[in-house]
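Residue-level structural notes
The chain contents come next:
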Amino acid sequence: NYPTLKDAFDAINLQNQAGYNITITVNGSTNETASAVLNTGNWTSIDIYPTSTGYTISGDIAGPLIDLNGADHVTFDGRVDQAGTTADLTIINTSTSAASGTSTITLHADAIDNQFTYCNILGSYTGAAGTSGGTILVSTGIASGNDNNTFNLNNIGSNGINLSSQAIVFLGNAFSNNGNIIDRNNIFDYFSPFAASAGIYISNTT
């Protein structure tokens, strides 16, 4: 048992995961005091889902709350026991920072074939549109790109009255982020009175 998602990710990062199908069950709400970073690994899959309703993975971090750092084949399924059609798991970064990298979910360094489905993903990033931050940030690659990731059937919004200026951001570099899917999400409450805002912002990607 681990008290936070960060602790579970840290344990996985330290193990030889070759060929394993790993399951992380969320059995209660967590308060993340530092980014939960999952590095590149050689597992077959990682499935993360709640075992009851109302659980929250939350933190106040001027950076990513959850960081898939080159991690592949990771699924966050917000349904209780992966059954039904209700988005039960809430993932929320309450930080109102405009600092680069602030997000609820970040994928970077060639994170491939990951899925977020039936989750409530909330954030309050306050930087301008096109900057490196947002509720969901698919950032730059290092050898190929962050490819074939899927965001479907999620509620993607803001933390109460603290609105996020960007809901979903794709930033490219020499390595395009290809084959990503945004499908049937409820994207809401994104706005900044001080800078340009965007529901979906795509830069140098396909």
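Everything below is about the structure shown above.
The model shown is predicted, which means the values in this text are computed figures rather than measured ones. (Residues numbered from 1 in each chain as written. Predicted model: local features only at pLDDT ≥ 70, side-chain atom pairs only at ≥ 80, totals over all residues. Heavy atoms only, no water.)

Here we take up the side chain of Ser-95. For Ser-95, the location among the structural elements is in the loop between β8 (89–93) and β9 (103–108). Within the structure, Ser-95 has its side chain in polar contact with the backbone nitrogen of Ser-97 (distance 3.1 Å). When residues no more than four places from it in sequence are discounted, the contact partners of Ser-95 are Gly-59, Asp-60, Ile-61, Ala-62, Thr-102, Ser-124 and Tyr-125. (Helix = DSSP H or I, 4+ residues; strand = E, 2+ residues; numbered from the N terminus. Polar contact = N/O pair within 3.5 Å; in protein donor to acceptor, adjacent residues only side chain to side chain. Contact = heavy atoms within 4.5 Å.)

Next up on the list: empty space enclosed by the protein. On inspection of all chains with the given rule, the structure shows one cavity of 30 Å³ or more. When its volume is computed, the largest cavity comes out at roughly 30 Å³. The wall of the largest cavity is formed by Asn-93, Ser-95, Thr-102, Ser-103, Thr-104, Gly-123, Ser-124, Tyr-125, Gly-134 and Thr-135. Listing elements by their share of the lining of the largest cavity, those giving two or more residues are β9 and β12 (134–138). In the lining of the largest cavity, the residues fall into one nonpolar, nine polar and no charged. (1 Å grid on protein atoms, 1.4 Å probe; cavity = no way out; pocket = protein on both sides within 12 Å on 5 of 7 lines; lining within 4 Å. Points joined across faces, edges and corners; volume = space filled by probe spheres on them. Nonpolar A, V, L, I, M, F, W, Y, C, P; charged D, E, K, R; others polar.)

Using the criterion set out here, one finds two aromatic pairs in the structure. Seen from their ring centres, Phe-76 and Phe-116 are 4.9 Å apart, and the 10° between their planes marks the pair as stacked. With Phe-76 in strand β7 (residues 74–77) and Phe-116 in strand β10 (residues 115–117), this pair connects stretches of sequence that are 40 residues apart. In terms of burial, Phe-76 and Phe-116 fall into one category: buried. Seen in terms of ring centroids, Phe-116 and Phe-151 are 5.5 Å apart; in terms of plane orientation they differ by 10°. Their pairing is stacked. Note that Phe-116 is positioned in strand β10 and Phe-151 in strand β13 (residues 150–152), a separation of 35 residues in sequence. One aromatic cluster is present, formed by Phe-76, Phe-116 and Phe-151 through successive ring pairs. (Phe/Tyr/Trp six-rings, centres within 6.5 Å; stacked < 30°, edge-to-face > 60°. Buried < 20%, exposed > 50% of the residue type's maximum accessible area, 1.4 Å probe, protein only.)

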